[in-house]
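This is what each chain is made of:
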Amino acid sequence: KELIGLEGDVNVKFLLTGGSLVKVRSNNWKKNRFFKLQEDFRTVFQETHKIIGRKNTFSIDDIDTVRQGRHSEGLEKYTDENMEDRCFSVIFKNRRKNLDLIASSREEAAYWTTGLEKVVRAMHNLSRQESSEHWIFNCMRKADKNHDNKMTLKEMKNFLRTINIEVNDNYAEMLFKKCDTSKSGTLEGSEIMHFYSLLTNREEINVIYSKYACTGGQMSAEDLLKFLVYEQRERSSMSDALRLIEKCEPDETAKENGHMTKDGFLMYLQQAEGMIFNMAHKDLYQDMSQPLNHYFISSSHNTYLMEDQLKGPSSTEAYIRALMKSCRCVELDCWDGENGEPVIYHGYTLTSKVLFKDVIKAIKEYVCNSINKLYHYCDPQTSQYPVILSLENHCSLEQQKLMAHYLRSILGSALVTEPLGDKMPTHFPSPQDLKGRFLVKGKRMNKLDSFFSSSSALEEDSVSEEDEAANVKMPGEKPKSKSSKMKLARELSDIVIYCKSVHFVSFEHTRDTQAFYELSSFKESKALNLAKTSATAFICHNAEKLSRTYPAGSRTDSSNYNPVPLWNAGCQIVALNFQTPCKEMDLNQGQFLPNGLSGYILKPKFLRNRATEFDPNRLTRGPWMQKKKFHVMIISAQQLPKLNKEKKNSIVDPLVKVEIYGVPDDKAEKETHHINNNGFNPMWNESFEFTVFVPELALVRFMVEDYDTASHNDFIGQYTLPFTSIQNGYRHIHLCNKRGHVIPSASLFVHIMIMDLQ
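Residue indices follow the written sequence of each chain, beginning from 1 at its first position. For a predicted model such as this one, the threshold for reporting local features is a pLDDT of at least 70, and the threshold for listing and counting side-chain atom pairs is 80 or more; totals across whole chains, interfaces and linings nevertheless cover every residue. Only hydrogens and water are set aside when side-chain values are computed; all heavy atoms of the structure are taken into account.

Under an unreviewed UniProt entry, the protein chain has the name Phosphoinositide phospholipase C and belongs to Scleropages formosus. UniProt positions are given in the numbering used here, feature names are shortened, and annotations may be inferred rather than shown by experiment. A UniProt comment under Catalytic activity (unreviewed entry) is attached to the protein chain, and it reads "a 1,2-diacyl-sn-glycero-3-phospho-(1D-myo-inositol-4,5-bisphosphate) + H2O = 1D-myo-inositol 1,4,5-trisphosphate + a 1,2-diacyl-sn-glycerol + H(+)".

Printed below as a string of structure tokens:
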């Protein structure tokens, strides 16, 4: 309790005592269950009446959000409005279903939500070193089978396997005897602490520290400044060194003397200042006043789907999860529903349906509540920049009118319903201009000029809707018509302002006949072909207009295409299946990691120039060519997760891959050798060199795998970031799981050196 600073907190005390809550799954399934925060502060016990052996705890680390009120699909469907202040939901990072709960009173619900929020935040805010210690001592507690606060040789061996390290019996016995100074045959008290210090000693850190600790065996502020300047290549001052000592040094005497001990040095290397990702890029740092089409925009395809494209469930929750990942363009496939209510689902398939109005409510509530901080998050940053609602409209006139009504009534003044300013615009407004607003992308009957002239003549009231769903074919079905004329309701047409969907003919046709706000959607095969054969023309097109790309209908498993060639061609809205963990989503997460997780990244200047000569496939000299030598040494890893937790003797054999993505000339991959039976503290000390020609378009992915001689290597963790956000020097890298969430305590330790080759 003291470790995370929550001793005496009334809300946390309530959680440690536990209590009964009503668990909600449907109208007919509402059952009382007992819940309790465990003493380790990392797990919550939940009563279950399922099969024996079923896991009856969940990890605090797996909680993404705690939502107050009826703000989940289940609670909204299965509870009454008068229960609003007693309801709350626990949303998990993985594919686990939401935990929808009802407390007996408003006060009790507040205890649970506030208490859980405090524990989640406290665990999230632990320093890397504190988190590591907490995890290790928790594993020790589990290894102590008889709970006597002592550790036998057998318990020590089990503990080592638990933390993902295999040692032979002779080494284990030698380590045990070295620590058992009392010769009692068990380790206790100071002997366990001695064992811990031997186990967690980091020789690679010792070597670096001793090189610069030139003041009585410690680092003075001057020594630390030398390290920051010469090793980390930072433009630091004495005040920066003193600030780090004040922040990271645990020894008060050393701190008073302006010194940093080895423990303080390790603490610094595990803080944000010691990470590979440049802290200056963490918050909003880019110019947000450029036209909208000058930005890459994080975008989702078939956002409503939780799983595959044929039979998977549709859900409002899928929209919230995409928005939580900084998505700023979501897709709504709209069809006529029962009782006159439009629905969203993947047409021509067996995917379930969700009401259009429920989706718009969920999006509005999430965006507005997030900005106002009414939800509880591990990461409080929430984008306030515009959300684009990409409509694929298959509805009758009457249901289109209802869609327009819901958009206006639910989104209110946040919906853009007319051009900004008092005269006909010639270019897009900026994300800054559109803060907190919603844009509708869809078909429009007439030009935007109609807002500024007395004429309101329609170009057409029947439009051709590009039918992405028609690309999906159920087994045994005949191909469907991909495009057909349909009547468009004036009410829906009128709220399409800056994102009017039009059919693409050619770049010449677009340049000569189309307005800036008219945008085309490209199926992946068409888009990738244009990016390969007509890249410069595509870039010039995107310097004036918006382009959206989407996955092929044949990807019924919700897999993804490579977004990098399309970013290279300046495409802004590269829509991916957010529900699918994959390399492509890792790249998307890395691309949108900087700039405050806003979902908007300013394109390089050479992609915003209408007269550019840049061709990513045939590099020539130009402002894009900023040749760099990228030197990376993979030094070590710490506390990699076990992949097969059911097998006690299963230990990973890790290797590290370094992958570069960007223009074709920059694409490269190198890997270390694998290390047998050590996921706790493997050490490689392997160096690689890469040449990067266009750094502004490059992404770097560090991936750790479990080596397997007989089959494909298993994924352990990864981290992806833009090349331009990498810091030089000795750096830690927080590893993420398949779904992009940070793995507690798991990291790589590397040395980076980037040099100009101009």
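More follows now that the structure is in view.
S.K.: In this structure, what is going on with the overall build of the protein chain? I would like to understand it.
M.R.: Secondary structure assignment for the protein chain yields 22 helices and 31 strands. Whether a residue is buried, partly exposed or exposed follows from its accessible area with a 1.4 Å probe, protein chains only, as a fraction of its type maximum: under 20%, in between, or over 50%, in that order. Looking at the protein chain residue by residue over its 758 residues, the buried ones come to 57%. Residue pairs in contact within the protein chain that sit at least 24 positions apart in sequence constitute 68% of those at least 6 positions apart. The method behind every accessible area is Shrake-Rupley, applied with a 1.4 Å probe, and residues are considered shielded solely by the protein chains displayed. Counting every atom, the protein chain has about 32500 Å² of accessible surface; 49% of that belongs to carbon and sulfur. Numbering of helices and strands runs from the N terminus; a helix is a DSSP stretch of H or I covering at least four residues, while a strand is a stretch of E covering at least two. Here, two residues are considered to be in contact whenever any of their heavy atoms come within 4.5 Å of each other.

S.K.: Whenever I open this one, the UniProt feature "binding site: Ca(2+) 4" (unreviewed entry) in the protein chain confuses me. Can you help?
M.R.: As annotated in UniProt, the feature "binding site: Ca(2+) 4" (unreviewed entry) corresponds to Ile651, Asp653 and Asn677 in the numbering used here. The named residues occupy 27 residues along the chain; their greatest pairwise C-alpha distance, 6.8 Å, places them in one compact cluster. Structurally, isoleucine 651 is set in the loop between strand 24 (628-638) and strand 25 (654-661). The exposure class assigned to isoleucine 651 is buried, which follows from its relative accessible area of 9%. Tracing the backbone shows asparagine 677 in the loop between strand 26 (668-671) and strand 27 (683-692).

S.K.: How do you make sense of the environment of glutamine 384 when you look at a structure like this?
M.R.: With respect to the element layout, glutamine 384 can be found in the loop between strand 14 (376-377) and strand 15 (387-393). A relative accessible area of 35% places glutamine 384 in the partly exposed class. Taking the C-alpha atoms as reference, glutamine 384 lies 5.6 Å from lysine 435; in sequence the two are 51 residues apart.

S.K.: Looking at this structure, how should I read the pairing of strand 24?
M.R.: A regular strand places its side chains so that they alternate between the two faces of the sheet. When you tally the buried positions in strand 24, you get eight out of 11 residues, the bulk of the element. Two strands pair if DSSP finds at least two bridges between them. Direction of pairing for strand 24 relative to strand 31 (residues 742-756): antiparallel, over a ladder of 10 bridges. Residue pairing across strands places methionine 633 opposite histidine 751, the latter belonging to strand 31. Looking at chain direction, strand 24 and strand 27 are connected through eight bridges and run antiparallel. Within strand 27, the position partnered with lysine 629 by the bridge is threonine 691.

S.K.: I would appreciate a short explanation of the confidence of the model for the protein chain in the present structure.
M.R.: As a general rule, the predicted coordinates of low-pLDDT regions are not to be interpreted in detail. Values of pLDDT, ranging from 0 to 100, describe the predictor's confidence in every residue of the model. Across the protein chain, the average pLDDT comes to 89, with 90% of residues at or above 70. Counted against residues more than four places away or in other chains, residues 372-381, with its pLDDT under 50, gives 33 contacts.

S.K.: Before we go on, may I ask you to explain the nonpolar core in this structure?
M.R.: The nonpolar core is taken to be a set of buried Ala, Val, Leu, Ile, Met, Phe, Trp, Tyr and Cys residues, with the residues joined through side-chain atoms within 4.5 Å. If you look at the biggest cluster of nonpolar residues, it comprises 70 residues, and the most contacted ones within it are Leu332, Phe356, Leu389, Leu407 and Phe614. Here this core takes seven residues from helix 14 (residues 356-371), the largest share from any one element. Ignoring any residue separated from it by four or fewer positions in sequence, one finds leucine 332 in contact with Tyr319, Ile344, Phe356, Val359, Ile360, Leu389, Ser390, Leu391 and Glu392.

S.K.: What is the right way to look at the state of the cysteines in this model?
M.R.: In a disulfide, the sulfur atoms of two cysteines are held together by a covalent bond. Cysteine sulfur atoms are paired as a disulfide whenever they come within 2.5 Å of each other. Across all of its chains, the model carries zero disulfides by this definition. Considering cysteine sulfurs only, cysteine 334 is the nearest to cysteine 395, which forms no disulfide, with 5.5 Å between them. Exposure remark for cysteine 395: the relative accessible area of 5% places this residue in the buried category.

S.K.: Help me out: how do you make sense of the packing of helix 1 (residues 10-17) against helix 3 (residues 106-125) in this one?
M.R.: Helix-helix packing is characterised by the crossing angle of the two axes and by the distance between the axes. Fitting a line to C-alpha atoms yields each axis, with helices limited to the stretch in contact; the angle taken between N-to-C directions then spans 0 to 180 degrees. Helix 3 packs onto helix 1 with a crossing angle of 100° between their chain directions and a minimal axis gap of 8 Å. The orientation of helix 1 with respect to helix 3, classified from their angle, is roughly perpendicular. Contacts between helix 1 and helix 3 involve Val10, Asn11, Val12, Phe14 and Leu15 from the first element and Glu108, Ala110, Tyr111, Trp112, Thr114, Gly115, Leu116, Lys118 and Val119 from the second. Classifying every residue of the contact of helix 1 with helix 3 gives nine nonpolar, three polar and two charged. Throughout, the term roughly parallel applies to angles under 35 degrees, roughly antiparallel to angles over 145, roughly perpendicular to angles from 65 to 115, and oblique to all others. Under this grouping Gly is polar, as are all residues other than the nonpolar Ala, Val, Leu, Ile, Met, Phe, Trp, Tyr, Cys and Pro and the charged Asp, Glu, Lys and Arg.

S.K.: I tried to follow the packing of aromatic side chains on my own but got confused; where do I start?
M.R.: Aromatic rings from Phe, Tyr and Trp, with only the six-membered ring used for Trp, were paired whenever their centres fell within 6.5 Å, and each pair was classed as stacked if the ring planes differed by under 30 degrees, edge-to-face if by over 60, and tilted otherwise. Evaluation of the coordinates by the stated rule reveals 28 aromatic pairs. On the basis of an interplanar angle of 50° and a centroid distance of 5.6 Å, the ring pair of tyrosine 209 and phenylalanine 265 is categorised as tilted. One end of the pair, tyrosine 209, is in helix 8 (residues 203-212); the other, phenylalanine 265, is in helix 12 (residues 262-269), with 56 residues separating them in the sequence. On the accessibility criterion, tyrosine 209 (6% relative accessible area) is buried. A relative accessible area of 0% places phenylalanine 265 in the buried class. Consider the rings of phenylalanine 504 and phenylalanine 507, whose centres lie 5.1 Å apart with planes at 65°: the pair is edge-to-face. On the basis of relative accessible area, phenylalanine 504 is assigned to the buried category, the value being 12%. Accessibility expressed as a relative area gives 11% for phenylalanine 507, which makes it buried.

S.K.: Quick question: what am I supposed to make of the pattern of salt bridges here?
M.R.: Note that side chains of opposite charge can pair when their charged atoms are close. Should a side-chain nitrogen of Lys or Arg be within 4 Å of a carboxyl oxygen of Asp or Glu, the pair is scored as a salt bridge. A complete count under the given rule lists 30 salt bridges for this structure. For glutamate 544, the salt bridge goes to lysine 545, with nearest N and O atoms at 3.9 Å. For lysine 545, a relative accessible area of 4% corresponds to the buried category. Residues participating in the shared-partner salt-bridge network are Arg67, Glu317 and Arg321.

S.K.: Sorry, what's going on with the environment of glycine 740 here?
M.R.: Along the chain, glycine 740 turns up in the loop between strand 30 (729-736) and strand 31. According to the relative accessible area criterion, glycine 740 is buried, its value standing at 11%. Considered as a pair, glycine 740 and asparagine 94 are 646 residues apart in the sequence and their alpha carbons are 9.4 Å apart.

S.K.: In this structure, what is going on with unusual backbone geometry? I would like to understand it.
M.R.: Backbone geometry follows two general trends: most residues other than glycine have a negative phi, and most peptide bonds adopt the trans configuration. Within the chain, serine 558 stands out as a residue other than glycine whose phi angle is a positive 65°. In this fold, serine 558 is placed in the loop between strand 21 (547-550) and helix 20 (564-568). Unusually for a residue other than glycine, asparagine 677 sits at a positive phi of about 55°. Classification of asparagine 677 by relative accessible area gives partly exposed; the value is 33%.

S.K.: I'm lost on the pairing of strand 31 in this one. Help?
M.R.: The sheet contact formed by strand 30 and strand 31 spans seven bridges and is antiparallel. If you follow glycine 729 over to strand 31, its bridge partner there is isoleucine 752. As consecutive antiparallel partners, strand 30 and strand 31 are separated by five residues, and within that stretch glycine 740 has a phi angle of approximately 85°, a positive value.

S.K.: Quick question: what am I supposed to make of helix 9 (residues 221-231) here?
M.R.: Working note: α-helix, 3.6 residues per turn, so residues spaced by three or four point in the same direction. Within helix 9, the full set of buried residues consists of Ala221, Asp223, Leu224, Leu225, Phe227, Leu228 and Glu231. In the stretch just after helix 9, arginine 233 is the one whose phi turns positive, near 55°.

S.K.: When you look at helix 5 (residues 153-162) in this model, what are you seeing that I'm missing?
M.R.: Among the residues of helix 5, Glu155, Met156, Phe159 and Leu160 are the ones counted as buried. Buried residues of helix 5, viewed axially, fall in a sector of 140°; they line one side. Working definition: the arc comes from the directions between the helix axis and the C-beta atoms, pointing outward to the latter.

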